[in-house]
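Here are the chains, one letter per residue:
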Amino acid sequence: MTVWLVVTSLFYLVPTLIINHSDLQDLVKCLLFWERDLPSASSLLSELKQWQRFWKLKSESLDNIIPADLAHCIHAADEDVFPNIRVLLIIACTIPACV
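Let us look at the structure shown here. Since the structure is predicted, the reported quantities are computational estimates derived from the model, not experimental observations.

What follows is about the overall build of the protein. For the protein, the helix and strand inventory stands at 6 helices and 0 strands. Reading the secondary structure of the protein in the N-to-C direction produces α-α-α-α-α-α. Against the 2.2 N^0.38 benchmark of 13 Å for 99 residues, the protein shows a C-alpha radius of gyration of 13 Å, consistent with a compact globule. Partitioning the contacts of the protein with sequence separation of at least 6, the portion at a separation of at least 24 is 62%. Total accessible area on the protein stands at roughly 6100 Å², and carbon and sulfur atoms take up 57% of it.

Turning next to the nonpolar core. In terms of nonpolar packing, the biggest core is built from 28 residues, with Leu48, Trp51 and Leu89 touching the most fellow members. Among the elements of the structure, helix 3 (24–31), helix 4 (44–60), helix 5 (70–76) and helix 6 (83–94) are those that each provide at least two residues to this core. In terms of residue count, the dominant contributor to this core is helix 6 (5 residues). Not counting residues within four places of it along the chain, the set of residues in contact with Leu89 comprises Leu13, Trp51, Leu70, Cys73, Ile74 and Ala77.

Turning our attention to the packing of helix 3 against helix 4. It is the contact of helix 3 with helix 4, at a shortest axis distance of 10 Å, that shows an interaxial angle of 125°. Relative to helix 4, helix 3 is oriented oblique. The two elements helix 3 and helix 4 cross, and the hand of that crossing is right-handed. Across the interface between the two elements, Leu24, Gln25, Leu27, Val28 and Leu31 from helix 3 touch Leu44, Leu45, Leu48, Lys49 and Gln52 from helix 4. Considered class by class, the residues forming the contact of helix 3 with helix 4 number 7 nonpolar, 2 polar and 1 charged.

Overall, the coordinates contain 1 salt bridge when judged by the stated rule. One salt bridge connects Lys29 with Asp26, and the closest N-O pair in it is separated by 3.7 Å. Here Lys29 pairs with Asp26, and both are found in helix 3, just 3 residues apart, close to one helical turn.

When we look at burial in helix 3, the residues that qualify are Leu24, Leu27, Val28, Cys30 and Leu31. Along the long axis of helix 3, the arc covered by the buried residues comes to 160°, so they all point the same way. Residues of helix 3 that are buried in the fold lie against helix 1 (3–9), helix 2 (15–18), helix 4 and helix 6.

In this structure the tally under the stated criterion is 6 aromatic pairs. Ring centres of Trp51 and Trp55 lie 5.6 Å apart, and the angle between their planes is 80°; on these two criteria the pair is classed as edge-to-face. Of this pair, Trp51 and Trp55 both sit in helix 4, 4 residues apart, which is roughly one turn of that helix. As far as burial versus exposure is concerned, Trp51 and Trp55 are alike and both buried. A connected cluster of aromatic rings, assembled from ring pairs, spans Trp51, Phe54, Trp55 and Phe82.

Reading the values: rules and limits
Residues numbered from 1 in each chain as written. Predicted model: local features only at pLDDT ≥ 70, side-chain atom pairs only at ≥ 80, totals over all residues. Heavy atoms only, no water. Helix = DSSP H or I, 4+ residues; strand = E, 2+ residues; numbered from the N terminus. Rg over C-alpha atoms; globule rule 2.2 N^0.38 Å. Contact = heavy atoms within 4.5 Å. Areas by Shrake-Rupley, 256 points an atom, 1.4 Å probe, with all protein chains shown as cover. Core = buried A, V, L, I, M, F, W, Y, C linked by side-chain atoms within 4.5 Å. Buried < 20%, exposed > 50% of the residue type's maximum accessible area, 1.4 Å probe, protein only. Axes fitted to C-alpha atoms, helices over the stretch in contact; angles between N-to-C directions. Parallel < 35°, antiparallel > 145°, perpendicular 65-115°, else oblique. Left-handed = near helix turned anticlockwise from the far one by under 90°. Nonpolar A, V, L, I, M, F, W, Y, C, P; charged D, E, K, R; others polar. Salt bridge = Lys/Arg side-chain N within 4 Å of Asp/Glu carboxyl O. Arc of directions from axis to C-beta. Phe/Tyr/Trp six-rings, centres within 6.5 Å; stacked < 30°, edge-to-face > 60°.

What follows is the structure, given as structure tokens:
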């Protein structure tokens, strides 16, 4: 797995991308690169499904604004509900753009 693939997989956590992502299992394979940093890596797939469902429901409501970048997603990723995703978003926001 290349560094580019691993880093770009983080961008699929953005709601505008995750709601249309069809293969969460492949995404998990890439995101598990950071397995040692995750509070509960074994629940990453179920957490991603919940994250996707959460944003699909929000996107169907006309009065909700869906974050389109990683930094704004951190505020929506409750640490108790989405602990792994919150950590991954923080990692994504701290990786230099020149990687």
